Amino acid sequence: MYTRRLFQSSHHQWAWRAAFWKHIWCRPQGAHRRTHSRSSNYRAVIFDMGGVLIPSPGRVATEWEVQNHVPSGTILKALIAGGENGPWMKFMRGAITVEDFLQEFRRLCSEMSKTSVPVDSFFSLLTCEQVAKPFPVMTEAITQIRAKGLQTAVLSNNFYLPNGKSFLPLDRKQFDVVVESCIEGVCKPDPRIYKLCLERLGVQPSESIFLDDLTPNLKAAASLGIHILKVNDPETAVKELETLLGFALRIVVPNTRPVRKTMEIPKDSLEKYLKDMLGSQTTGPLELFQFDHGQSNPTYYIRLANHQLVLRKKPPGKLLPSAHAVEREFRIMKALANAGVPVPKVLDLCEDSSIIGTPFYLMEYCPGLIYKDPSLPGLEPSQRQAIYTAMNSVLCKIHSVDIKAVGLENYGKQGDYISRQVQTWIKQYRASETSTNPAMERLIEWLPLHIPEEQKTTVVHGDFRLDNLIFHPEKTEVLAVLDWELSTLGDPLVDVAFSCLAHYLPSDFPILRGLSDCDLTQLGIPTAEEYFRMYCLHMGLPPIENWNFYMAFSFFRVAAILQGVYKRSLTGQASSATAKQSGKVIEFTSNLAWDFAVKEGFRIFKKMPATKLLKRSYHTWASPQCLLNATGMRSYISFPDTSRANASKGALVISPEGLSQPVREQYCRLKRFMEQHVYPAEWELQRHQASVKRWTPSPLLEDLKEKAKAEGLWNLFLPLEIDPEKKYGAGLTNVEYAHLCELMGMSPYAPEIFNCSAPDTGNMELLVRYGTEEQKARWLMPLLEGKTRSCFAMTEPQVASSDATNIESSIREENGLYVINGHKWWISGLLDPRCQLCVFMGRTDPHAPRHQQQSVLLVPMDSPGIKIVRPLTVYGLEDAPGGHGEVLFDHVRVPKENMVLGPGRGFEIAQGRLGPGRIHHCMRLIGCSERALALMKARSPMQIKVGRKGALAPGLSSRWRSGRQRAPAASTPCLAAIPALPAQTWLNCQVEGFLGVVCTVPVLTVKSRVAFGKPLVEQGTLLADIAQSRVEIEQARLLVLKAAHLMDVAGNKAAALDIAMIKMVAPSMAYRVIDRAIQAFGAAGLSSDYPLAQFSAGARALRFADGPDEVHRAAVAKMELKHCP
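Because the structure is predicted, anything quoted here is derived from the model rather than measured. (Residues numbered from 1 in each chain as written. Predicted model: local features only at pLDDT ≥ 70, side-chain atom pairs only at ≥ 80, totals over all residues. Heavy atoms only, no water.)

### Examining empty space enclosed by the protein
The gaps of empty space that remain are located by a probe, the size of a water molecule, rolled over the atoms.
Here comes step 1: Here the structure, examined in full by the defined rule, presents five cavities of 30 Å³ or more.
Here comes step 2: Considering only enclosed or pocket space, the second largest cavity measures out at about 100 Å³ in volume.
Here comes step 3: Looking at the second largest cavity, it is lined by 15 residues, and the ones nearest its centre are Pro374, Tyr388, Arg465, Leu466 and Ala502.
Here comes step 4: In terms of residue class, the lining of the second largest cavity is built from eight nonpolar, two polar and five charged. (1 Å grid on protein atoms, 1.4 Å probe; cavity = no way out; pocket = protein on both sides within 12 Å on 5 of 7 lines; lining within 4 Å. Points joined across faces, edges and corners; volume = space filled by probe spheres on them. Nonpolar A, V, L, I, M, F, W, Y, C, P; charged D, E, K, R; others polar.)

In structure tokens, the structure reads:
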């Protein structure tokens, strides 16, 4: 079948749509065709598969060769090599395995082309689901054939796939008999395989019809007496098959199909009801089909005698309150018909559920055109312009109806329409919610706070869009407006915005095709802004400024509707065959809604008077009572002069003092914990990290984690937007957590103590955002409890892994499992004995669009095939016990349920995982920069004497008891640094050892060390370094807090520019500040007596780990250039 077809020449093309892209395939043509006169004796129809039921692979080889730079004709020659005993024919008879075939086929292709040929890629393309997609016209024909009582069979030359299953991408339930060459060991045109099929069908050759696209196969069938039909293209073939069978195989009424099994209604009781309603003279059988549109209320086409009707009913099962009110549809259509609004003529409302199971109403069928594609293909630009103008005009007619005159004044409540609608759709969404959607949570909070002042109250259609209109076949005139289920009285601008949804959706959007990637000017279609202005002109309204609110609400409502459709699809209640797709697009539409909310927020912000923006004067100053804190650095606070009250919701909080009371208390508790427990433990933690036991967790650190958990300082990192119910974390905003994160950044051990360390934070956020309930139970909960650790495996040694689309590690499906192969390195946390989960990113489909090739799997670390090659060091530091590892994944098998979100979602997940984590890294860097600056200021070696009331601190030499003594530099670990204090000032000075404070001693400052004739602290270079460091830290902090603020109020997407800037600024700033501190310390700064070397290595590494500087600079430049005039 495949070999001969590949060699037939053709210039006849037909197009078909795959899930994500389009391919144009060439179909073979031949002159030979045998047809037979119409007969009523046929009992069975036999179909070939390739070229008849699914697209022909005739052009696969040619196109694939061009794309892969393989000499033209190589594949074709290799396929026929050896004839019946060649590898291809043996493969289709099931005589050799996939591996043997590919090996031999690769050898043949390589010999013929004199180059290496990746035949695995060709085979994958040939058999992938997107290519091997059944023709809808053939699927429909088979349904009609079986409905008439005839048998169907598929007779195919096919082969086994790597998973051991035969290649048959069809619904086997559509066929009474399936005959496959690889199972039977016989291929067409061998007569034995035809006889086998006839025998299983139990029919004679003359009682059957055979469809194939290859002449040799047809000749063999004809020689046995089987009636044959040559297929050149599916549409034509179905027409010819209709002639042979004598009945229709295609539904004549546009946009209808056979009734879905879950949507069937009792025809007998319906027919009796209709005959009673239409009159006893009505005779003939009832024909019933289902319209393929209508996501909510199932809609049917009925033909009874000479009557053509449309029936619309409530869906079966338990429904949401007040939803699917067909009674309201009937009432408003009946009223509007008297007001000159084009609507179908309604005939009767039946509220008796015993007839067909639910209430329904009937209307006359209105023939005409329904444009389901808003780009209106095949029309001239002037025609498209006229259609959209007519659409706009009929909407104005609806909104101009005198509601009192037509008796609709009580059709809905008047006033507060949008407020009520927002609450209604929030309730509807909550009632059908199946998982947490961050964008929907933000919208549920934002929409009620931004309700606009309403315009006049009119009839509102509620679902006004192009495909709910019936147009005259020859004129640009709207004959009828359909689908009034959501109609009520309210703000007409909601209808206008809803009718523009398609303008913001892509053309391949699965539920509703869009226009966002179309050239509207060239098509002659008005833009959304032009359409809106056209409406305002017709209605005599001024331009409406808050257009973005109406769009945000419209997409929010769509997302809520789709959520309801999706939940019903899980139980088979939804009426549309595409309902299950809605689960995949809810997130997309809710994100669009939030984008419009952000635009509306910025519009309001820009309209605020300048005086309001400028009247708050900010400054930074040192609080006298807090001149020294636990780390010897000054405490700064920034706040408005006028008030220290809590910041209002949504305000940019630039200091801890501006935090809300609960968060400020949490900040203070965290600070106390750092002073009382973390800093004093650092020396011991550092010693453990340098000991032979470094690859095992420190008992002291584990003890501190339990203390932190007991004080509620645990899992602080999860942002409120993804955990609005505070189910997993503290429920902090990004800005709130940023201030806490800076505190934790002052100690390299603090983040883990509070269970806020990478990569666990990113992995936990990933599981909260995207994980199934089963995945959360197995992996998330132990991580949240601090019982386990995890790693994220993305970076690879052979490719530039800063671009996630470069990932080469493979994930392939085999025997119901995923098999992983790949080489990864710089996998942080990999070496920790507590690491039980590896979040693995690999490539599942190299032929998919660039950003849909990668997938993410949850891989248990005890899986066979994971081989740790070695630990890697950062400037000689091992970062034990987690470390950074190089690892091989060699045929690691993982259950399919461990896939996150689904195949092809890896890039999306990787981007989502990096959201708040970018703020975490940057604020920790600011924390360690503050620590480095404090050490630099305290560097000048002092002379001290014990105060009169002071007690000797533990660890100090007895020679400190009296007189002026010189402080030991680094000989005593607890005295690695002493803060510089004003001369002749008595204070309790907290003295800093390795990485932290370990003792407090009352001291009196005296002269500093002198160099080149004056104290070191007065040297110009040191003063300049201190000043420059302070300025850079303050600048970076403000930029990071601004980015966090934008993420909170506008979302990660709106903050993209600021996020890229902080990733570019913070690591470099920290590296410079730390380097100046090291310079002030001299050789001591390079030692392990101080945290500076460790801080420096960490800051430098983050210029790679959080993305190379070059990538961030390029991203900033590209976004900046988009705003060029």
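### Things to note about the packing of aromatic side chains
Here comes step 1: Tallied over the entire structure, the rule returns 26 aromatic pairs.
Here comes step 2: Centre to centre, the rings of phenylalanine 101 and phenylalanine 105 are 5.0 Å apart; their planes meet at 20°, and the pair counts as stacked. Taken as a pair, phenylalanine 101 and phenylalanine 105 lie in helix H5 (residues 98–113) at a separation of four residues, close to a single helical turn.
Here comes step 3: Judged by relative accessible area, which is 1%, phenylalanine 101 ranks as buried.
Here comes step 4: Consider the rings of phenylalanine 159 and phenylalanine 167, whose centres lie 5.2 Å apart with planes at 5°: the pair is stacked. There is no split in this pair, since phenylalanine 159 and phenylalanine 167 are both buried.
Here comes step 5: An aromatic cluster of three or more residues is present, and its members are Trp88, Phe91, Phe101, Phe105, Phe123, Phe159 and Phe167.
Here comes step 6: Stacked on the ring of phenylalanine 596, the Lys or Arg lysine 599 has its end atom at 4.8 Å from the ring centre.
Here comes step 7: Over the ring of phenylalanine 840 we find lysine 824; its NZ or CZ atom is 4.9 Å from the centre of that ring. (Phe/Tyr/Trp six-rings, centres within 6.5 Å; stacked < 30°, edge-to-face > 60°. Helix = DSSP H or I, 4+ residues; strand = E, 2+ residues; numbered from the N terminus. Buried < 20%, exposed > 50% of the residue type's maximum accessible area, 1.4 Å probe, protein only. Lys NZ or Arg CZ within 6 Å of the ring centre and 35° of its normal.)

### Description of unusual backbone geometry
Here comes step 1: Each neighbour pair has its own omega, and for alanine 758 with proline 759 the value is 0°, a cis peptide bond.
Here comes step 2: Positionally, proline 759 belongs in the loop between helix H26 (750–753) and helix H27 (760–770).
Here comes step 3: For the peptide bond that leads from alanine 880 to proline 881, omega is 5°, which places it in the cis range.
Here comes step 4: For proline 881, the location among the structural elements is in the loop between strand S25 (866–872) and strand S26 (884–895).
Here comes step 5: Look at asparagine 815: it is not a glycine, yet its phi comes out positive at around 55°.
Here comes step 6: Mapping asparagine 815 onto the fold places it in the loop between strand S21 (810–814) and strand S22 (817–828).
Here comes step 7: Positive phi outside glycine occurs at leucine 901, with the angle close to 65°.

### Concerning the packing of helix H15 (residues 417–432) against helix H20 (residues 547–569)
Here comes step 1: H20 packs onto H15 with a crossing angle of 30° between their chain directions and a minimal axis gap of 9 Å. Taken together, the axes of H15 and H20 are roughly parallel relative to one another. The two elements H15 and H20 meet at a crossing, and its hand is left-handed. In contact with Ile418, Gln421, Val422, Trp425, Ile426, Tyr429, Ala431 and Ser432 of H15, H20 contributes Phe549, Tyr550, Phe553, Phe556, Arg557, Ala560, Ile561, Gln563, Gly564 and Lys567.
Here comes step 2: A breakdown of the residues in the contact of H15 with H20 according to their chemical character gives 12 nonpolar, four polar and two charged. (Axes fitted to C-alpha atoms, helices over the stretch in contact; angles between N-to-C directions. Parallel < 35°, antiparallel > 145°, perpendicular 65-115°, else oblique. Left-handed = near helix turned anticlockwise from the far one by under 90°. Contact = heavy atoms within 4.5 Å.)

The quantities given are spatial measurements derived from coordinates; they are silent on function.
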